[in-house]
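Analysis of the macromolecular model
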Amino acid sequence: MLTASCELVEVSKIEPVNQLGEDQAITTVNQAQSVLYGTYGQIKTFALQTTSPGLYALLGGTMTPGTSGGTTEASFRDNNVDPQNATLAGIYSQWYKVLNNANHIIEKTDLIATTDPRKQSLIGEAKFIRALAHFYLLRAFGQFYDLNSTYGIVLKDKPVQSAEPQPRATVKECYDLINADLDYAIANAPSFKNTFYASKQAAMALKAKVLLYMKKYSEAAALSGQVIAGGPFQLETAYGDIFTKKILNTKEVLFQIPYDDKNDRNNKAFVFRSSYLPSPAYVALMTGDKRYAAAITTSGTAIRNNKYNGTTFNGQTLTADTEYFLRLDEIYLIQAEAIVRSSSDFENARKAINAIRNRAGMPLITSNNKAELLELIRIEKILELGAESGEEWFDLVRYAIEDNFDIKSVKPGVTTKDKYILPIPFNSVNLSNGVVIQNPNY
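Residues numbered from 1 in each chain as written. Predicted model: local features only at pLDDT ≥ 70, side-chain atom pairs only at ≥ 80, totals over all residues. Heavy atoms only, no water.

1. Observations regarding the overall build of the chain
Basically, it comes down to this: Think of it this way: any DSSP run of H or I at least four residues long counts as a helix, any run of E at least two long counts as a strand, and we number them from the N terminus. Restricting the calculation to C-alpha atoms gives the radius of gyration, and the globule rule supplies 2.2 Å times the number of residues raised to the power 0.38. Each residue's exposure class comes from its accessible area (1.4 Å probe, protein chains only) as a fraction of the maximum for that residue type: buried when under 20%, exposed when over 50%, partly exposed otherwise. What makes two residues a contact is simply this: any of their non-hydrogen atoms within 4.5 Å. With residues, only the protein chains shown are counted as cover, and all accessible areas are computed by Shrake-Rupley using a 1.4 Å probe. Counting rule applied: Lys, Arg positive; Asp, Glu negative; His and chain ends not counted. Every charge is mapped onto a representative atom, which is NZ of Lys, CZ of Arg, CG of Asp or CD of Glu.
For the chain, the helix and strand inventory stands at 18 helices and 8 strands. For 442 residues, the compact-globule estimate of 2.2 N^0.38 gives 22 Å, and the chain sits close to it at 21 Å. Once the C-alpha set of the chain is aligned to its principal axes, its extents read approximately 60 × 50 × 50 Å. Counting over 442 residues, the chain shows a buried share of 61%. Considering only contacts in the chain between residues 6 or more positions apart, those separated by 24 or more positions represent 70%. Accessible surface for the chain amounts to roughly 17,100 Å². Of this, 50% is attributable to carbon and sulfur atoms. Charged side chains in the chain number 45 positive and 46 negative. The centres of these two groups are separated by 2 Å.

2. Some remarks on the environment of Ala131
Here Ala131 shows up in helix α6 (residues 118-141). By relative accessible area, which is 0% here, Ala131 ends up buried. Sequence-distant contacts of Ala131, that is, excluding residues within four places in its chain, are made with Ile178, Asp181, Leu182 and Leu206.

3. Overview of the packing of helix α9 (residues 217-230) against helix α14 (residues 328-342)
Defined as follows: Every axis in this analysis is a line fitted to C-alpha atoms, fitted for helices over the stretch in contact. Angles between the N-to-C directions lie between 0 and 180 degrees. Left-handed describes a crossing in which the near helix is turned anticlockwise from the far one by less than a right angle; the clockwise case is right-handed. For this classification, the nonpolar set comprises Ala, Val, Leu, Ile, Met, Phe, Trp, Tyr, Cys and Pro, the charged set comprises Asp, Glu, Lys and Arg, and every other residue, Gly included, is treated as polar.
Following both chains from N to C, one finds α9 and α14 inclined at 145°, their axes separated by 8 Å at the closest point. As for the relative orientation of α9 and α14, their crossing is left-handed in sense. Where α9 abuts α14, its residues Tyr217, Ser218, Ala220, Ala221, Ser224, Gly225, Val227 and Ile228 lie against Leu328, Ile331, Tyr332, Ile334, Gln335, Ala338, Ile339, Arg341 and Ser342. Counted by class, the contact of α9 with α14 contains 11 nonpolar, 5 polar and 1 charged residues.

4. Focus on the side chain of Lys127
For clarity, the cut-off: The term salt bridge refers to a pairing of a side-chain nitrogen on Lys or Arg with a carboxyl oxygen on Asp or Glu at a separation within 4 Å.
Looking at the secondary structure, you find Lys127 in helix α6. Salt bridges are absent for the buried Lys127, whose nearest opposite-charge side chain, Asp181, sits at 4.4 Å.

5. A look at the pairing of strand β5 (residues 302-305)
Looking along a regular strand, one sees side chains alternate from face to face of the sheet. Stated precisely, the cut-off is as follows: Criterion used throughout: strands pair if DSSP finds at least two bridges between them.
Here strand β4 (residues 296-299) pairs with β5 via 4 bridges, running antiparallel. Counterpart to Thr298 in the pairing with β5 is Ile303. Connecting the antiparallel pair β4 and β5 is a turn made up of 2 residues, with Gly300 showing a positive phi of about 70°.

6. Comments concerning the pattern of salt bridges
If you walk through the whole model with that rule in mind, you get 29 salt bridges. For Arg118, the salt bridge is made with Asp116, and the minimal N-O distance between the two is 3.1 Å. With a shortest N-O distance of 2.9 Å, Arg341 and Glu337 are connected by a salt bridge. Of this pair, Arg341 and Glu337 both sit in helix α14, 4 residues apart, roughly one helical turn. Since its relative accessible area comes to 11%, Arg341 is described here as buried. The exposure class of Glu337 is buried, given its relative accessible area of 1%.

7. Side note on helix α8 (residues 200-213)
The condition that has to hold: The span expected for a helix works out to 1.5 Å for each residue beyond the first.
Over its 14 residues, α8 extends 20 Å from the first C-alpha to the last, a length consistent with the 20 Å expected when each residue adds 1.5 Å. Counting buried positions along α8 yields 13 of 14 residues, so the element is predominantly enclosed. Positioned one or two residues after α8, Lys215 has a phi angle of 70°, which is positive.

8. Remarks on unusual backbone geometry
Backbone torsion omega between Gly231 and Pro232 reads 5°, so that peptide bond is classified as cis. Within the secondary structure layout, Pro232 lies in the loop between α9 and α10 (241-245). For Asn404, which is not glycine, the phi dihedral falls at a positive 60°. Following the sequence through the fold, Asn404 ends up in the loop between α17 (391-403) and α18 (426-430). With a relative accessible area of 70%, Asn404 lands in the exposed category. Phi at Asn433 is positive, roughly 55°, even though this residue is not glycine. Checked against the element boundaries, Asn433 lands in the segment after α18.

9. A few points about helix α16 (residues 370-385)
Let me state the cut-off plainly: Whenever a nitrogen or oxygen atom comes within 3.5 Å of another N or O atom, the pair is scored as a polar contact, on the condition that within protein one atom can donate a hydrogen and the other can accept it, and that pairs from neighbouring residues in sequence are kept only if both atoms are in side chains.
With 16 residues, α16 should reach 22 Å at 1.5 Å per residue; the first-to-last C-alpha distance of 22 Å fits that figure. Of the positions making up α16, those classed as buried are Leu373, Leu374, Ile377, Arg378, Glu380, Lys381, Ile382, Leu383, Glu384 and Leu385. Residues of α16 that are buried sit in contact with α12 (280-286), β8 (324-327), α14, α15 (346-360) and α17. Regarding α16, its N-cap is Asn369, as a side-chain oxygen of that residue lies 3.2 Å from the backbone nitrogen of Ala371 further along. Positive backbone phi, approximately 55°, marks Ala387, located one or two places after α16.

10. Details of the packing of aromatic side chains
Operational definition: Stacked, tilted and edge-to-face are the three classes applied to pairs of Phe, Tyr and Trp rings, where Trp contributes its six-membered ring and a pair requires centres within 6.5 Å; stacked means planes under 30 degrees apart, edge-to-face means over 60, and tilted covers the rest. A ring is scored as having a charge over it whenever the NZ atom of a lysine or the CZ atom of an arginine sits within 6 Å of its centre and within 35 degrees of its normal.
In total, this model carries 22 aromatic pairs according to the counting rule given. For the pair Tyr37 and Tyr197, a centre-to-centre distance of 6.2 Å together with 55° between the ring planes defines the contact as tilted. With a gap of 160 residues between them, Tyr37 in helix α2 (residues 29-43) and Tyr197 in the loop between α7 (171-188) and α8 connect regions that are remote in the sequence. Centroid distance Phe272 to Tyr308: 4.9 Å. Interplanar angle 65°. Geometry classified as edge-to-face. Here Tyr308 lies in the loop between β5 and β6 (312-313) and Phe272 lies in the loop between α11 (268-271) and β3 (276-278), a separation of 36 residues in the sequence. The exposure classification of Phe272 matches that of Tyr308, with both residues buried. Seen from the ring of Tyr184, Lys127 lies directly overhead, with NZ or CZ sitting 4.3 Å from the centre. Sitting over the ring of Tyr324, Arg327 keeps its end group 5.1 Å from the ring centre.

Right, here's the structure in full:
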């Protein structure tokens, strides 16, 4: 095992830790380190690395079902997901598995009597993972856009001890725990050394994103600015470099999923050219943009996602790929939006978005109109992050709530606000005997 979680070894070593007895699993810092690697490995699963990014991009309209797409893909494209959908349940349950492992690390590592400085940093990494999992669950399954809503998610801040159902927390309670975990990670997680593990900087970036979702715009602007100015991250020289470098020597990625040339075949790269394809609307938007060739390619007459095409690792062609949870280009766009929404400092907002435009070789934004700038930022995020992980879907929801944006103009299937979030999987509601309340009108 590694001597420190930020030192890189073969990514094939990052595997889930299963069937470890609680009393034996974490009694030393080294054991805590081992379980932490397993928890990172739990994020590197098909449900979280491939399925949920593709399905959320279908929700947002940048992807469309491919030749291998079926009823599940069609239901996400049409924003008409059934609570009994097995794929939905798989995404939901996998995040809770990640949470349970993170909670074991947090609780049991705290009890270890040691002067080893890794103790606090390991807890910091685990709290980053717990915050990430709760945030991804909240924005998919809870009314994340309303701090006064009772429709949060089931929070897990301790290891599961029984099958007794637990009620959903309020949205505010969810954000309170997420932010507390991120504050701890900012204070205690290691400084950034590689993209595969949590760091202080990744925690700052994730918190900037969380603050944006909470509508705490001035705080989001300030924190995203600290991430940009504080380094060590830089925009890649060319947009396409993000996707050719992947996990090797990247300057731009803050946190991502690793993959390797032995264990990760027939995964993301294959599915992203069979089950999920760039949508006609996304292709039309990209047409004329200099990022087109890096984002979109063709095979015969078939349109394919070039970000996940021809993946290589150590010179070997693979059908696997990474999932970028945090990249610097997104942080620039978070900063731009947060500045526009919190102040009239449009000059600095333009500087943030124009850093992205300049890298892309596209004309710089000159608008001085708030509404126009916000829409340009939303579109720019699609140009940078479209057909990847569904960020455009969550932006649509936020803009609909904050700016009365008409989601139906992009996704006709979103006929009510109830469609802004996904249903809680049927079994989680049904087996709770009324403790877990389903989302409205599902």
